[in-house]
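Given next are the chains, with one letter for each unit.
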Amino acid sequence: AAALSVRHLAKQYANANKRVLDDVSFEVPKGRVLVVVGPSGSGKSTLLRAIAGLEPIQGGDIALGGEVIETGRPGSEKAGRSARSSELRTRIGMVFQSYDLFPNKTVLGNIMMAPVLVLGRDKAEVEREAIELLKRVGLADRKDAWPHELSGGQRQRIAICRALILHPEVLLFDEITAALDPEMVREVLDVMIGLARAGQTMVIVTHEMRFARAIADEVMLLEDGRIIERCDDPERFFTQ
Ligand code: ADP
Ligand code: ADP
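As a starting point, this report considers the structure included with it. Remember, it's a predicted structure, so these values are computed and weren't measured experimentally. (Residues numbered from 1 in each chain as written. Chains lettered and ligands numbered in written order. Predicted model: local features only at pLDDT ≥ 70, side-chain atom pairs only at ≥ 80, totals over all residues. Heavy atoms only, no water.)

Each helix and strand in the chain was counted, giving eight helices and 10 strands. Compactness check: the chain gives a C-alpha radius of gyration of 18 Å against a globular reference of 18 Å for 240 residues, within 12% of the reference. Dimensions of the chain, computed from C-alpha atoms along their principal axes, come out at roughly 50 × 40 × 35 Å. A burial count over the chain gives 52% of its 240 residues as buried. A separation of at least 24 residues holds for 65% of the contacts in the chain among residues at least 6 apart in sequence. With an accessible surface of roughly 11,200 Å², the chain has 47% of that area assigned to carbon and sulfur atoms. (Helix = DSSP H or I, 4+ residues; strand = E, 2+ residues; numbered from the N terminus. Rg over C-alpha atoms; globule rule 2.2 N^0.38 Å. Buried < 20%, exposed > 50% of the residue type's maximum accessible area, 1.4 Å probe, protein only. Contact = heavy atoms within 4.5 Å. Areas by Shrake-Rupley, 256 points an atom, 1.4 Å probe, with all protein chains shown as cover.)

So this is what it looks like as structure tokens:
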């Protein structure tokens, strides 16, 4: 089965008169990278948030490795989040545009929080793994720093470590370089390229077209909440 399957997903916000996502279906095989593009307001963020369990869905379902983890419930518009358990939530990681590190925790504290508190994993073992991840993103020397002491690019790399330590089956990225100064974009994109090479399954929303072309196994174009085009030849997609 595919690492991620989204079938006939329907999403409507409370107080809205139409669906933001309508009959969206696609699969991402294990180890593959899907890049989602589309105009502002087409539903890209909403799609990632729905997959991550941050938004209730009203129709369709979402499966990981063939196991359905969420089914749409008509009338669930007003629920704050999906009904997914916190354990199921940890199987999908998400990194956002605005780095959401906890300001009152160090780098290590930020990375260790979910595995220790949510999954109850052994602290010493989690710390060793956190330090390995920090090495991988080139920030081992900042393990005791506070978020406000870091650059935007460094914070995003920490946010990626915080997602990775949960060993997510799928990792979602929503415009994670959009708010960064240009000189910091490269270091974050390089980390993502490294993850792709290591076989991490990912869904990426980005406006960095050259990066998208380089990293994508497949590109999906969203418009007005519907899939307009899918292409497994990113080279052709981005130059046509
Ligand atoms: P994109 O990421 O492609 O820019 P979004 O998923 O952010 O698109 O938004 C899709 C549509 O849903 C837009 O019309 C947006 O205004 C609307 N929308 C996004 N979030 C909410 C929300 N929390 N409540 C109501 N409408 C929303
Ligand atoms: P993005 O395109 O990355 O979603 P936006 O600026 O459109 O960024 O949205 C920022 C935040 O505002 C998101 O949390 C989104 O859910 C929310 N939002 C967007 N549009 C609306 C809307 N029409 N009503 C309520 N919340 C919205």
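Across the interface, helix α3 (residues 107-117) lies against helix α4 (residues 123-136) with an axial gap of 10 Å and an inter-helix angle of 130°. Overall, the two elements α3 and α4 adopt an arrangement that is oblique. With respect to the hand of their crossing, α3 and α4 are arranged in right-handed fashion. Contacts between α3 and α4 involve Val107, Leu108, Ile111, Met112, Pro115 and Val116 from the first element and Lys123, Val126, Glu127, Ala130, Ile131 and Leu134 from the second. Split into classes, the residues belonging to the contact of α3 with α4 amount to 10 nonpolar, no polar and two charged. (Axes fitted to C-alpha atoms, helices over the stretch in contact; angles between N-to-C directions. Parallel < 35°, antiparallel > 145°, perpendicular 65-115°, else oblique. Left-handed = near helix turned anticlockwise from the far one by under 90°. Nonpolar A, V, L, I, M, F, W, Y, C, P; charged D, E, K, R; others polar.)

Geometry of an aromatic ring pair is reported as the spacing of the ring centres plus the angle between the planes. This model, assessed by the stated rule, comprises one aromatic pair. Aromatic pair Phe237 and Phe238: ring centres 5.0 Å apart, planes at 80°, arrangement edge-to-face. Judged by relative accessible area, Phe237 falls into the buried class, the value being 11%. The aromatic ring of Tyr13 is capped on one face by Lys11, whose charged end is 4.6 Å from the ring centroid. (Phe/Tyr/Trp six-rings, centres within 6.5 Å; stacked < 30°, edge-to-face > 60°. Lys NZ or Arg CZ within 6 Å of the ring centre and 35° of its normal.)

With that out of the way, let us pick up the sheet that holds strand β3 (residues 33-37). Spatial ordering of the open sheet is given by β6-β7-β8-β3-β9-β10, a layout of six strands whose pairing is mixed. Each edge of the open sheet carries a strand with a single partner, namely β6 (92-95) and β10 (226-231). Each neighbouring strand pair of the sheet contributes to a mean axis angle of 20°, computed without reference to strand direction. Together, β6 and β7 (170-174) form the strand contacts of helix α5 (residues 152-164), whose direction differs from that of β6 by roughly 170°. (Pairing = 2+ DSSP bridges.)

Below, the discussion takes up the pattern of salt bridges. Side chains that differ in sign of charge can pair as their charged atoms come close. Under the definition given, this model contains 20 salt bridges. A salt bridge links Glu187 to Arg157, with the nearest nitrogen and oxygen atoms 3.1 Å apart. Residue Glu187 is found in helix α6 (residues 182-197), and its partner Arg157 is found in helix α5; the two are separated by 30 residues along the sequence. Classification of Glu187 as partly exposed rests on a relative accessible area of 26%. By relative accessible area, Arg157 is classed as buried at 9%. One salt-bridge network, in which partners are shared between bridges, spans Lys11, Arg49 and Glu55. (Salt bridge = Lys/Arg side-chain N within 4 Å of Asp/Glu carboxyl O.)

Moving on, we get to the environment of Gln156. On the secondary structure map, Gln156 appears in helix α5. According to the relative accessible area criterion, Gln156 is buried, its value standing at 0%. As a C-alpha pair, Gln156 and Glu187 span 31 residues in sequence and 9.7 Å in three-dimensional space.

Tyr13, Val20, Pro39, Ser40, Gly41, Ser42, Gly43, Lys44, Ser45 and Thr46 make up every residue found near ligand 1. At a separation of 3.2 Å, a nitrogen atom of ligand 1 approaches a polar side-chain atom of Tyr13. Residue Gly43 places a main-chain N or O atom 3.0 Å away from an oxygen atom belonging to ligand 1. Looking at the shell around ligand 1 residue by residue, the classes come out as three nonpolar, six polar and one charged. (Near = heavy atom within 4 Å. Polar contact = N/O pair within 3.5 Å; in protein donor to acceptor, adjacent residues only side chain to side chain.)

With six of eight residues buried, strand β1 (residues 4-11) is to be regarded as a mostly interior element. Pairing between β1 and strand β2 (residues 21-28): five bridges, direction antiparallel. Directly across from Leu9, in β2, lies its bridge partner Val24. Note that β1 and strand β4 (residues 59-64) share five bridges and pair antiparallel. Pairing of Leu4 across the sheet is with Leu64, part of β4.

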